[in-house]
Amino acid sequence: MIRLVIFDLDDTLYNERDFVYSGFMEVATYLSNKYGISKNILFDDMVNILNSRGRGKIFDQICEKYHLKEKIEYLVELYRYNNPNISLYEDAYKVLEIFKTKYKLGLITDGYKGAQWNKIRALNIEKYMDKIIVTDDYGKDYWKPSVKPFQIMLDYFDVKAKETVYIGDNPNKDFIPCKKSGINSVRIIRSIGDYMGIVVDEKYEADYRIKSLLELEKILEEIQ
Ligand SMILES: [Mg+2]
């Protein structure tokens, strides 16, 4: 019987793209006010670079294109610690409302701690979660696929791995610790998401795959 349900955050409970765009707009507004360049043009440039070349050097390329003398680290901080305009996926909101009285609820999320806590507050999900672990608060060796944050969670609630389920979207790291420790795992594959197309070796793949979190209710009742 399942007693503890743990969720991943990014792209599981909300669309991470919304956070990225919110951060881009923050940086675009700052640069626009300082240099008089249209913030919409700057924003579109950032999105185009993201789509064509991925993350990593977006602000470097913007500064190069417009000959701006900016500290990239400062722009990254503006991006990371912006007050994000994000909201829960509708199915996430619904299952959290249903599950809050039926199970213990936890959150395990990777990413820079300041940014992750900003997202948690913007989504207003502290009210649902009995325990939140931002792995970065503990240090880099607690990031997934480490089993350490999962062990902390099990100890905190004093539940067994087989009474626990983790729901995440990234097969590169989300389910490896579950497999290692015997925690049930569910992969959410949405129509939008960085990892929807990823096929992984059986040993990294989740026990269940779903397209909507609303499928969870039945699955959790089935797990004995
Ligand atoms: Mg994720």
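So, how was this worked out
- Residues numbered from 1 in each chain as written.
- Predicted model: local features only at pLDDT ≥ 70, side-chain atom pairs only at ≥ 80, totals over all residues.
- Heavy atoms only, no water.
- Core = buried A, V, L, I, M, F, W, Y, C linked by side-chain atoms within 4.5 Å.
- Buried < 20%, exposed > 50% of the residue type's maximum accessible area, 1.4 Å probe, protein only.
- Domains from an automatic or database assignment.
- Contact = heavy atoms within 4.5 Å.
- Phe/Tyr/Trp six-rings, centres within 6.5 Å; stacked < 30°, edge-to-face > 60°.
- Helix = DSSP H or I, 4+ residues; strand = E, 2+ residues; numbered from the N terminus.
- Lys NZ or Arg CZ within 6 Å of the ring centre and 35° of its normal.
- Buried area = accessible area lost by both parts, 1.4 Å probe.
- Salt bridge = Lys/Arg side-chain N within 4 Å of Asp/Glu carboxyl O.
- Nonpolar A, V, L, I, M, F, W, Y, C, P; charged D, E, K, R; others polar.
- Pairing = 2+ DSSP bridges.
- Right-handed = clockwise from strand over helix to strand, strands pointing away.
- Donors = N, O, S within 2.8 Å, 3.2 Å for Na, K, Ca; no water.

Engineer: Is there a simple way to explain the nonpolar core in this structure?
Structural biologist: Counting residues in each nonpolar core, the largest one holds 56 residues, and the members touching the most others are Val 5, Phe 7, Leu 13, Phe 24, Met 46, Ile 125 and Leu 220. Both domains that furnish three or more residues to this core are identified here as domain 1 (4–15 + 86–222) and domain 2 (17–80). With residues up to four places along the chain from it excluded, the contact list for Phe 24 reads Phe 43, Met 46, Val 47, Leu 50, Ile 58, Phe 59 and Tyr 79. Formed by 13 residues, the second largest nonpolar core is a distinct cluster that contains Ile 108, Leu 154, Tyr 166 and Cys 178.

Engineer: Which parts of the structure should I look at to understand the packing of aromatic side chains?
Structural biologist: The description of an aromatic ring pair rests on the distance of the ring centres and on the angle between the ring planes. As enumerated under the stated definition, the model contains 13 aromatic pairs in all. Judged by centre distance (6.0 Å) and plane angle (65°), the rings of Phe 59 and Tyr 79 are edge-to-face. Residue Phe 59 is found in helix 3 (residues 58–65), and its partner Tyr 79 is found in helix 4 (residues 72–80); the two are separated by 20 residues along the sequence. Judged by centre distance (4.9 Å) and plane angle (85°), the ring pair of Phe 150 and Tyr 166 falls under edge-to-face. Taken as a pair, Phe 150 in helix 7 (residues 148–157) and Tyr 166 in strand 4 (residues 164–168) lie far apart in primary sequence, 16 residues in all. One aromatic cluster is present, built from ring pairs that chain together Phe 19, Tyr 21, Phe 24, Phe 43, Phe 59 and Tyr 79. Positioned above the aromatic ring of Tyr 142 is the side chain of Lys 148, whose terminal nitrogen or guanidinium carbon lies 4.9 Å from the ring centre. Here Arg 190 stacks its cationic end above the ring of Tyr 89, 3.7 Å away from the centre of that ring.

Engineer: Would you explain the domain arrangement of the protein in this entry?
Structural biologist: The extent of an interface is frequently quoted as the accessible surface area lost upon association of the parts. The assigned domain composition of the protein is domain 1 (4–15 + 86–222) and domain 2 (17–80). Between the C-alpha centres of domain 1 and domain 2 the distance comes to 30 Å. The interface is formed by nine residues belonging to domain 1 together with five residues belonging to domain 2. Summed over both partners, the interface of domain 1 with domain 2 comes to about 670 Å²; 54% of that surface belongs to carbon and sulfur atoms. Summed over the three residues of domain 1 that lose the most area to domain 2, namely Asn 15, Ile 86 and Tyr 112, the buried surface amounts to 51% of that side. Across the contact surface, domain 1 and domain 2 share zero salt bridges. Residues that form the side of domain 1 that touches domain 2 fall into these classes: four nonpolar, two polar and three charged.

Engineer: Before we go on, may I ask you to explain the environment of Gln 151 in this structure?
Structural biologist: The residue Gln 151 is located in helix 7 in this model. With relative accessibility at 37%, the residue Gln 151 sits in the partly exposed group. Distance in space between the C-alpha atoms of Gln 151 and Ala 161 is 8.9 Å, their sequence separation being ten residues.

Engineer: Any chance you could explain the pairing of strand 5 (residues 184–188) here in plain terms?
Structural biologist: Each regular strand carries side chains that alternate between the two faces of the sheet. Burial within strand 5 is extensive, with five of its five residues counted as buried. Of the two faces of strand 5, both are covered, the one formed by Asn 184, Val 186 and Ile 188 as well as the one formed by Ser 185 and Arg 187. For strand 4 and strand 5, the ladder comprises four bridges, and the chain directions are parallel. Of the residues in strand 5, the one forming a bridge with Val 165 is Asn 184. A crossover links strand 4 with its parallel partner strand 5, the connecting element being helix 8 (residues 176–181), and its sense is right-handed. Bridge count for strand 5 against strand 6 (residues 208–210) is three bridges, and the pairing is parallel. Bridged to Arg 187 within strand 6 is Arg 209.

Engineer: Could you clarify how one ought to interpret the coordination of the magnesium ion in this entry?
Structural biologist: Working reference: metal with six octahedral donors, ideal angles 90 or 180 degrees; metal with four tetrahedral donors, ideal angle 109.5 degrees. Ligation of the magnesium ion by protein atoms is provided by Asp 8 (OD), Asp 10 (O) and Asp 169 (OD), these donors lying 2.1 to 2.3 Å from the ion. Read from N- to C-terminus, the donor residues coordinating the magnesium ion fall into the pattern D-x1-D-x158-D. With respect to class, Asp 8 is no different from Asp 10; both count as buried.

Engineer: Any chance you could explain the pattern of salt bridges here in plain terms?
Structural biologist: Pairing of side chains with opposite charge becomes possible as their charged atoms draw close. According to the stated counting rule, one finds 19 salt bridges in the structure shown. For Lys 144, the salt bridge is made with Asp 8, and the minimal N-O distance between the two is 3.0 Å. One end of the pair, Lys 144, is in the loop between strand 3 (131–134) and helix 7; the other, Asp 8, is in the loop between strand 1 (4–7) and helix 1 (16–35), with 136 residues separating them in the sequence. In this pair, the class of Lys 144 matches that of Asp 8, namely buried. The shortest N-O distance in the salt bridge between Glu 222 and Lys 218 comes to 3.7 Å. Taken together, the positions of Glu 222 and Lys 218, both in helix 9 (residues 216–222) and four residues apart, correspond to about one turn of that helix. A relative accessible area of 47% means that Glu 222 is categorised as partly exposed. A residue is classified by how much of its surface remains accessible, and Lys 218, at 59% relative accessible area, is exposed.

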